[in-house]
Amino acid sequence: MDIDKFEAEVDCPRCQFANPIWLKQARLRDVIICRGCKANIQLDDSMNTVRKGVLSVHQALDQLHHQIESINRLFR
Ligand SMILES: [Zn+2]
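Points about a nonpolar patch on the surface
Side chains of L61, L64 and I68 sit close together on the surface and give an oily, nonpolar patch of about 240 Å² of accessible area. Relative to the assigned elements, L64 resides in helix α2 (residues 47-74). Judged by relative accessible area, L64 falls into the partly exposed class, the value being 45%.

Right, here's the structure in full:
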């Protein structure tokens, strides 16, 4: 399970264009170029948002795991 390959969106602070990024880019604090206005966006600012995103992905996977376990128990 590679969280780095999840896609996220970062709103451009200048034109609000939602730029698609990989979580890996956010983790590495990459600089991306806005597809709307061509401004440089330093992903550092959005790290908190991205961390929350990763956390909720983990929580969703945990829940899924528990659900699969309880389904497996039903068929045992
Ligand atoms: Zn922009």
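The rest of the description comes next.
Details of the coordination of the zinc ion
Distances from the zinc ion to its protein donors, namely C12 (SG), C15 (SG), C34 (SG) and C37 (SG), fall within the range 2.3 Å. Donor residues for the zinc ion, ordered by position in the chain, follow C-x2-C-x18-C-x2-C. Taking relative accessible area as the criterion, C15 reaches 34% and is therefore assigned partly exposed.

Quick notes on the side chain of N19
Take N19: it is sitting in strand β2 (residues 18-22). If sequence neighbours within four positions are ignored, N19 has contacts with A8, E9, V10, C12, I32, I33, C34, R35, G36 and I41.

With respect to the pairing of β2
Residue alternation in β2 divides its side chains into a buried set, N19 and I21, and an unburied set, A18, P20 and W22. Pairing between strand β1 (residues 7-11) and β2: five bridges, direction antiparallel. Among the inter-strand pairings, V10 is bridged to a residue of β2, identified as N19. Between β1 and β2, which pair antiparallel one after the other, the connecting turn spans six residues, and Q16 there sits at a positive phi close to 65°.

Thresholds applied
Residues numbered from 1 in each chain as written. Predicted model: local features only at pLDDT ≥ 70, side-chain atom pairs only at ≥ 80, totals over all residues. Heavy atoms only, no water. Patch = residues over 30% accessible without salt bridge, like charges linked within 9 Å, V, L, I, M, F, W, Y side chains within 5 Å. Areas by Shrake-Rupley, 256 points an atom, 1.4 Å probe, with all protein chains shown as cover. Salt bridge = Lys/Arg side-chain N within 4 Å of Asp/Glu carboxyl O. Helix = DSSP H or I, 4+ residues; strand = E, 2+ residues; numbered from the N terminus. Buried < 20%, exposed > 50% of the residue type's maximum accessible area, 1.4 Å probe, protein only. Donors = N, O, S within 2.8 Å, 3.2 Å for Na, K, Ca; no water. Contact = heavy atoms within 4.5 Å. Pairing = 2+ DSSP bridges.

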